[in-house]
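Summary of structural features
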Amino acid sequence: MTATHKQSVPSLRMRMGWLHAWVGFIAGLLLVCIFVTGTMSVFDTEITHWMQPETPSAQPGIPSAEALDRAAAAVTEQEGKKNRIFLSLPSDRDPLLHVTYMDHDVFRSENFHPQTGQTVPLRETAGGLFFFSFHYTLYMGRMFGVILVQVLAVGMLVTLGSGVIIHLKALLPNLVAFRPQSSSPRPWIDAHVIAAVLFLPFMFMIAYTGVLIHANRFFPNTAIERPNRDGAGRNGHHHASPLPPLAPLLADAAETFGADRLGFIQFSPKTVTVVRADNTRIGISRDHIDYDRTTGERIGLVSKNSPAARTSQFLGGLHMARWAPVPVRWLYFISGCAGYVMFATGLVMFLIKRRRTATQKNSLPMEIAEGLALGTVLGMPLACTGVLWMNRLLPADLPSRVTVEGSTLFVLWGALTIHALGRAFGRRVMKGWIEQSSLLSLLLCLLPVLDLATRWKWIAGQDQTVYAAVDLTSVILGLIALRLSVVLRRRTNATTSLPEASFSKETVS
């Protein structure tokens, strides 16, 4: 090996280290939020179920004719108000029949029992859809927000690639060794490398498909076919004719797609469209059958089967995992948690390294960075947990429940970030980490108590699977947060004789 070549290897690693650190920190603050809400979105339907504790047990399948007639009446009523309307059909994850419509940019639903057709009064809630929307838009709009998330996903790919180059030589030793009792920053490095490497294929897949899934923002010719709206106005339908009986239409669609593979029905002035469910295969195809709204006769099956279309559909479905059975969705959930750990520990390592060289004169940027890191790493999970608590504490009939629940996340997140910045400016940021991790542990561990205290009168007629899964997961995560709080408290007590300048300095000491 020549001398020039020997010098180029360290030089490459140094350049990759700079790129990895700065792109990772800047993008990492928002990617932590994206991973927290994205991990929750794996079970968005189940979270909505938990947030509507009045939901009764029901058998999935094609609804009865009576239930469909009552739902059709609700659709007709909302069409008169010029709302965009969907009729969501029962599934294994959501057993009820929902007439969903837009009301001033907020989704609302009328709910029916699929067998009896009786109205099921459920509280209005932001539900799991709120976390899903935040995940891919950051609540900055479907244009700017989506593009920003795509840019962050590109940053994630850059961070992953440069990280592999940096750790390539010591990858295997670091992978099999976790040294939590070592002096800082070794435990953070070990946790960072283990979380990243064990789930590296998932990380690359989720970032790559996340970039491509909304590629139509850059390339308008999308490969996913959308149901035809027949020129309906932006706010809904105009001069729509009466609906035909829906039961014969679903029976016909079931012969093509399968009785358990019907997703939802969409309505336009001239057609009724039955759309294939997203969980029937990996690719999200939006295959659908159009029926004449007046006669109920089948117009035709619409599907895109070109190689480009199927590839795009496959990548989109791989990212959203709507096809996935429960064990695979749990794997997605665990992988999402690993992504959160990877970025959270990466932010801490960034601060530890920079604090070593920070001086009194340039400490302000470091204090801001430390406060933002704390307010994001623990503040975002705390804010999401606060939404679940607010869902159960608010009166069920409060008219503005959806707005209040959604606002809870931003109010709590802002308050926790202010708290974190205050601790950082006071040079007691380690105390802030202990306080927020302790609060997170408390809220998560007490969530099952809140669940039972606010749901007891509906328990007799419910399937407990979803509620037990949410509550148990909450307790497990709460215990992990408690463990973090205990470890940080011990390290703080071990360094009480040293100046408490910052989180980074305390852990390094």
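Remember, it's a predicted structure, so these values are computed and weren't measured experimentally.

Cut-offs and rules
- Residues numbered from 1 in each chain as written.
- Predicted model: local features only at pLDDT ≥ 70, side-chain atom pairs only at ≥ 80, totals over all residues.
- Heavy atoms only, no water.
- Helix = DSSP H or I, 4+ residues; strand = E, 2+ residues; numbered from the N terminus.
- Buried < 20%, exposed > 50% of the residue type's maximum accessible area, 1.4 Å probe, protein only.
- Contact = heavy atoms within 4.5 Å.
- Pairing = 2+ DSSP bridges.
- Axes fitted to C-alpha atoms, helices over the stretch in contact; angles between N-to-C directions.
- Patch = residues over 30% accessible without salt bridge, like charges linked within 9 Å, V, L, I, M, F, W, Y side chains within 5 Å.
- Areas by Shrake-Rupley, 256 points an atom, 1.4 Å probe, with all protein chains shown as cover.
- Salt bridge = Lys/Arg side-chain N within 4 Å of Asp/Glu carboxyl O.
- UniProt positions renumbered as here; feature names shortened; annotations may be inferred.
- Left-handed = near helix turned anticlockwise from the far one by under 90°.
- Polar contact = N/O pair within 3.5 Å; in protein donor to acceptor, adjacent residues only side chain to side chain.
- Core = buried A, V, L, I, M, F, W, Y, C linked by side-chain atoms within 4.5 Å.
- Phe/Tyr/Trp six-rings, centres within 6.5 Å; stacked < 30°, edge-to-face > 60°.
- Lys NZ or Arg CZ within 6 Å of the ring centre and 35° of its normal.

Details of the overall build of the protein chain
Helix and strand counts for the protein chain come out as 17 helices and 7 strands. Taken over 509 residues, the protein chain has a buried fraction of 51%. In the protein chain, 72% of the contacts between residues at least 6 apart in sequence involve partners at least 24 apart.

Observations concerning the sheet that holds strand 7 (residues 298-302)
Strand order in this open sheet of 7 strands is 3-2-1-4-5-6-7, and the pairing throughout is antiparallel. Each end of this open sheet is capped by a strand with a single partner; those strands are strand 3 (106-112) and strand 7. Across the sheet, the mean angle from the axis of one strand to that of its neighbour is 20°, orientation sign disregarded. Both strand 4 (residues 262-267) and strand 5 (residues 271-276) contribute to a ladder of 5 bridges, which runs antiparallel. In the strand pairing of strand 5, Phe 264 is matched with Val 275. Of the strands in this sheet, strand 1 (85-88), strand 2 (97-103), strand 3 and strand 4 are in contact with helix 3 (residues 65-79), which crosses strand 2 at around 5°.

Quick look at unusual backbone geometry
A positive phi angle, close to 55°, is found at Leu 138, a residue other than glycine. Within the element layout of this structure, Leu 138 appears in the loop between helix 4 (127-137) and helix 5 (144-167). Even without a glycine there, the phi angle at Ala 321 is positive, about 60°. Among the structural elements, Ala 321 can be located in the loop between helix 10 (307-320) and helix 11 (326-357).

Focus on a nonpolar patch on the surface
Nonpolar side chains collect at one region of the surface, where Leu 364, Ile 368, Leu 372 and Phe 425 lie side by side and expose about 320 Å² of accessible area between them. Of all the elements, helix 12 (residues 363-377) adds the most residues to the nonpolar patch, at 3 residues. Summarising the element assignment, Phe 425 is placed in helix 14 (residues 401-425).

Overview of the UniProt feature "transmembrane region" (unreviewed entry) in the protein chain
According to UniProt, the "transmembrane region" (unreviewed entry) feature falls on residues 21-43, 143-168, 189-213, 330-352, 372-390, 410-426, 438-459 and 465-484. Note that residues 189-213 is 96% helix and 0% strand, and that its end C-alpha atoms are spaced 32 Å apart. Along residues 410-426 the backbone is 94% helical and 0% strand, and the end-to-end C-alpha distance reaches 24 Å.

A closer look at the packing of helix 12 against helix 14
Interaxial distance between helix 12 and helix 14 falls to 8 Å at its minimum, and their mutual angle equals 145°. Once helix 12 is placed against helix 14, the crossing between them reads as right-handed. Across the interface between the two elements, Leu 364, Glu 367, Ile 368, Glu 370, Gly 371, Leu 372, Leu 374, Gly 375 and Thr 376 of helix 12 pack against Trp 413, Leu 416, Thr 417, Ala 420, Leu 421, Ala 424 and Phe 425 of helix 14.

Some details on the side chain of Asn 111
Assignment of secondary structure puts Asn 111 in strand 3. Under the relative-accessibility criterion, Asn 111 is labelled buried at 6%. Within polar-contact distance, the side chain of Asn 111 engages the side chain of His 98 at 2.6 Å.

What about the nonpolar core?
Counting residues in hydrophobic clusters, the biggest one holds 84 residues, and the most contacted among them are Phe 131, Met 156, Met 203, Tyr 332, Met 380, Leu 409 and Trp 433. Considering every element that reaches this core, the biggest residue donor is helix 11, with 13 residues. Ala 71, Leu 87, Phe 257 and Leu 262 belong to the second-largest nonpolar core, a separate cluster that totals 27 residues.

Some points on the packing of aromatic side chains
All chains considered together, the criterion is met by 14 aromatic pairs. Taken together, a centroid distance of 5.6 Å and an interplanar angle of 45° make the contact between Phe 35 and Phe 343 tilted. Taken together, the residues Phe 35 in helix 1 (residues 3-41) and Phe 343 in helix 11 connect sequence positions 308 residues apart. Judged by its relative accessible area of 9%, Phe 35 is buried. Owing to a relative accessible area of 6%, Phe 343 belongs among the buried residues under this scheme. Feature note: the residues Phe 130, Phe 131, Phe 134, Tyr 139, Phe 410 and Trp 413 constitute an aromatic cluster, connected by ring pairs. Lying across the ring of Trp 50, Arg 392 places its NZ or CZ 4.0 Å from the centre.

Some words on the pairing of strand 5
Across the 6 residues of strand 5, 6 count as buried, placing the element largely inside the fold. Of the two faces of strand 5, the one holding Thr 271, Thr 273 and Val 275 and the one holding Val 272, Val 274 and Arg 276 are both buried throughout. Between the antiparallel neighbours strand 4 and strand 5 lie 3 residues. Examined bridge by bridge, strand 5 and strand 6 (residues 288-292) share 5 bridges and lie antiparallel to one another. Within strand 6, the position partnered with Val 274 by the bridge is Ile 289.

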